[in-house]
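Close look at the chain arrangement
Here is what each chain is made of, one letter per residue.
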Amino acid sequence: MKFSGKNVLITGASKGIGAAIAKTLASFGLKVWINYRSKPELADALKEEIEKSGGKAAVICFDASKEDEFEAGVKAIIDSDGELSYLVNNAGITNDKLALRMKLEDFNSVIEANLNSAFLGCREALKAMSKKKFGAVVNVASIVGEMGNAGQTNYSASKGAMIAMTKSFAKEGASRNIRYNCVTPGFIKSDMTDKLSDEIKKAYEDSIALRRFAEPREVAECVAFLLSDYSSYVTGESLKINGGLYM
């Protein structure tokens, strides 16, 4: 896969889908900046794994939902590398419960962590990338932002808004040759899904056209495509990665 830029910041990259994205992008020759908010040992271990495989990586700690911290993080990357070529907004949380039991603070905490962090990333990328009139951003949304899900009103709202926000940033970034796109993963193999009983897993798999959960790598490779020169005429789009669960 071909990339015209040289580095990428991935928020929430120390584990799960974020770590898979970091390893995949490093394998294509990009220097990956592994962002984390807590548990530095996970970020350091990922950096070591990438470097042992011949890739380039750096670790950067900041809370992606805090404006001053995100601004400082981007500045540190530019001071180090002279540019920020790509950004993947992956940081996020869940706080699931039925809407009748959901307090406003439960709702707002997820909006702040998921949507506000993506907004800050998109905005800071627009500032940084405008100087070279080049760049690409991928926001990691979710299938529930498209179809909703009981017990996830807050999470669905954050991801649905992220999809709409991506389109607006795509319109603002286009004149500067900066592209904004989304991916909307469905069921992905993870620590969380591994804990599901075989019966529940089968019920979920039966609702998916491809009859299986995705590997994290399959999400990462779609992210890589949307950042790469192979998608140079794609902006403002949402790429569904759900195996046919929602079409």
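Conventions used here
- Residues numbered from 1 in each chain as written.
- Predicted model: local features only at pLDDT ≥ 70, side-chain atom pairs only at ≥ 80, totals over all residues.
- Heavy atoms only, no water.
- Helix = DSSP H or I, 4+ residues; strand = E, 2+ residues; numbered from the N terminus.
- Rg over C-alpha atoms; globule rule 2.2 N^0.38 Å.
- Buried < 20%, exposed > 50% of the residue type's maximum accessible area, 1.4 Å probe, protein only.
- Patch = residues over 30% accessible without salt bridge, like charges linked within 9 Å, V, L, I, M, F, W, Y side chains within 5 Å.
- Areas by Shrake-Rupley, 256 points an atom, 1.4 Å probe, with all protein chains shown as cover.
- Salt bridge = Lys/Arg side-chain N within 4 Å of Asp/Glu carboxyl O.
- UniProt positions renumbered as here; feature names shortened; annotations may be inferred.
- Contact = heavy atoms within 4.5 Å.
- Pairing = 2+ DSSP bridges.
- Axes fitted to C-alpha atoms, helices over the stretch in contact; angles between N-to-C directions.

When helices and strands are counted, the protein shows nine helices and seven strands. Its C-alpha atoms give the protein a radius of gyration of 17 Å, within 12% of the compact-globule value 18 Å for 247 residues. Oriented by its inertia axes, the alpha-carbon framework of the protein measures out at about 50 × 40 × 35 Å. Looking at the 247 residues of the protein, the share that counts as buried comes to 48%.

Once that is clear, we can look at a nonpolar patch on the surface. Taken together, Met-1, Phe-28, Phe-225 and Tyr-230 make up a surface patch of nonpolar side chains, about 380 Å² in accessible area. With respect to the helices and strands, the residue Tyr-230 is situated in the loop between α9 (216-227) and β7 (238-241). You can call Tyr-230 exposed: its relative accessible area is 55%.

The next point concerns the UniProt feature "binding site: NADP(+)" (unreviewed entry) in the protein. Under the present numbering, the feature "binding site: NADP(+)" (unreviewed entry) in UniProt falls on Asn-90, Tyr-155, Ser-156, Ala-157, Ser-158, Lys-159 and Ile-188. Looking at the element boundaries, Ala-157 is found in helix α6 (residues 153-173). Taking relative accessible area as the criterion, Ala-157 reaches 29% and is therefore assigned partly exposed. Not counting chain neighbours up to four residues away, the residues in contact with Ala-157 comprise Phe-107 and Ile-111. Along the polypeptide, Ile-188 turns up in the loop between β6 (178-185) and α7 (191-194). Setting aside anything within four residues of it in sequence, one finds Ile-188 in contact with Ile-17, Thr-193, Phe-213, Ala-214, Glu-215, Pro-216 and Val-219.

Read from one edge to the other, the open sheet built from seven strands follows the order β3-β2-β1-β4-β5-β6-β7, with strand pairing classed as parallel. Strands at the two margins of the open sheet, each flanked by one partner only, are β3 (56-61) and β7. Strand-to-strand, the axes of this sheet are offset by a mean angle of 20°, without reference to chain direction. Sheet topology note: the strand β2 (residues 31-36)/β3 ladder contains six bridges and is parallel. Paired with Asn-35 across the bridge in β3 is Ile-60. Taken strand by strand, α9 contacts β1 (7-10), β4 (86-89), β5 (135-140), β6 and β7, and its axis lies near 165° from that of β6.

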